[in-house]
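Residues per chain are reported as follows:
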Amino acid sequence: MSKRIEKVNVLIKKELSLILLREVDFSKNALVTITRVEVVPNLSEAKIYVSTMPDSQADKVHEILKRRVYDIQQCLNKRLKMRPIPKIEFKKEEKTKQADRVEELLGQLKKE
């Protein structure tokens, strides 16, 4: 991955985190975190991976993000001083669940 792509990933993650915090209303019981951003090399698309706590709120949060993606994209377009600005797509983060499961299994092994 090139240095420019890495910088764009970090920049988009930072700006989207602020936008989600200020512009999008989630349930008061939900903690929403952007875990990672993956921009394709030509900067046309960006996959935004979102983790939600508790897991029972994940579908509701993802639905809100899908509904508001156009507004969020517009906010991002106004904030970034770069061209082209990648088209964002929200994805549910699955690696967090996998990591939790691995930690749980390792904890069980330690007890034995």
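Everything in this summary refers to the structure shown in the same document. (Residues numbered from 1 in each chain as written. Predicted model: local features only at pLDDT ≥ 70, side-chain atom pairs only at ≥ 80, totals over all residues. Heavy atoms only, no water.)

Turning our attention to the overall build of the protein. Scanning the protein for helices and strands turns up three helices and three strands. Considered along the principal axes of its C-alpha atoms, the protein spans approximately 55 × 35 × 15 Å. Buried residues in the protein amount to 33% of all 112 residues. A fraction of 65% describes how many contacts in the protein between residues 6 or more apart in sequence connect residues 24 or more apart. Summed over all atoms, the accessible surface of the protein reaches about 7,900 Å², with 52% contributed by carbon and sulfur. (Helix = DSSP H or I, 4+ residues; strand = E, 2+ residues; numbered from the N terminus. Buried < 20%, exposed > 50% of the residue type's maximum accessible area, 1.4 Å probe, protein only. Contact = heavy atoms within 4.5 Å. Areas by Shrake-Rupley, 256 points an atom, 1.4 Å probe, with all protein chains shown as cover.)

What follows is about a nonpolar patch on the surface. On the surface, V102, L106 and L109 cluster together to form a nonpolar patch covering roughly 290 Å² of accessible area. For L106, a relative accessible area of 48% gives the class partly exposed. (Patch = residues over 30% accessible without salt bridge, like charges linked within 9 Å, V, L, I, M, F, W, Y side chains within 5 Å. Salt bridge = Lys/Arg side-chain N within 4 Å of Asp/Glu carboxyl O.)

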